[in-house]
Amino acid sequence: MTLIIAGEKKEYAEGTTVAQLIAAEKISDPQSVSVSINEEFLRSNQYDSHVLKDGDEIEFLYFMGGGC
């Protein structure tokens, strides 16, 4: 199936979960990343069970603290 990850089309096996995608994409610090699928955020407790579908658009977002 084709997934669109950060604007880039990539091929993955049917049945791939978000957790498997995070590992395959070698996301650094996966505990600090938020995942958006088709512009909707997914709860981290759903990463193991959420199966991706052909054409899904995925973004990995990192929230960083800081201040003035």
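Residues numbered from 1 in each chain as written. Predicted model: local features only at pLDDT ≥ 70, side-chain atom pairs only at ≥ 80, totals over all residues. Heavy atoms only, no water.

Draft legend 1. Spotlight on the pattern of salt bridges. As enumerated under the stated definition, the model contains one salt bridge in all. Salt-bridge contacts for Lys10 lead to Glu25; the nearest nitrogen and oxygen are separated by 2.8 Å. With Lys10 in strand 2 (residues 8-11) and Glu25 in the loop between helix 1 (18-24) and strand 3 (33-37), the pair connects residues that are 15 residues apart, well separated along the chain. (Salt bridge = Lys/Arg side-chain N within 4 Å of Asp/Glu carboxyl O. Helix = DSSP H or I, 4+ residues; strand = E, 2+ residues; numbered from the N terminus.)

Draft legend 2. Representation of the nonpolar core in the model. Counting residues in each nonpolar core, the largest one holds 16 residues, and the members touching the most others are Leu3, Val18, Leu21, Val35, Leu52, Ile58 and Phe60. Where this core is concerned, the elements lending two or more residues are strand 1 (2-5), helix 1, strand 3 and strand 5 (57-62). Beyond its immediate chain neighbours, meaning those up to four positions away, Ile58 contacts Leu3, Ile4, Ile5, Ala6, Leu21, Val35, Ser36, Ile37 and Leu52. (Core = buried A, V, L, I, M, F, W, Y, C linked by side-chain atoms within 4.5 Å. Buried < 20%, exposed > 50% of the residue type's maximum accessible area, 1.4 Å probe, protein only. Contact = heavy atoms within 4.5 Å.)

Draft legend 3. Inspection of the sheet that holds strand 3 at higher detail. Pairing is mixed across the open sheet formed by five strands, whose spatial order is 2-1-5-3-4. Edge strands, defined here as strands with exactly one partner in the open sheet, are strand 2 and strand 4 (40-42). Between one strand axis and the next, the sheet turns through 35° on average, direction left out of account. Taken together, the two bridges between strand 1 and strand 5 define a ladder with parallel strand orientation. Pairing of Ile4 across the sheet is with Glu57, part of strand 5. (Pairing = 2+ DSSP bridges. Axes fitted to C-alpha atoms, helices over the stretch in contact; angles between N-to-C directions.)

Draft legend 4. Quick peek at a nonpolar patch on the surface. Together, Phe41, Leu61 and Phe63 line one region of the surface with nonpolar side chains, adding up to about 340 Å² of accessible area. Here Leu61 lies in strand 5. A relative accessible area of 31% places Leu61 in the partly exposed class. (Patch = residues over 30% accessible without salt bridge, like charges linked within 9 Å, V, L, I, M, F, W, Y side chains within 5 Å. Areas by Shrake-Rupley, 256 points an atom, 1.4 Å probe, with all protein chains shown as cover.)

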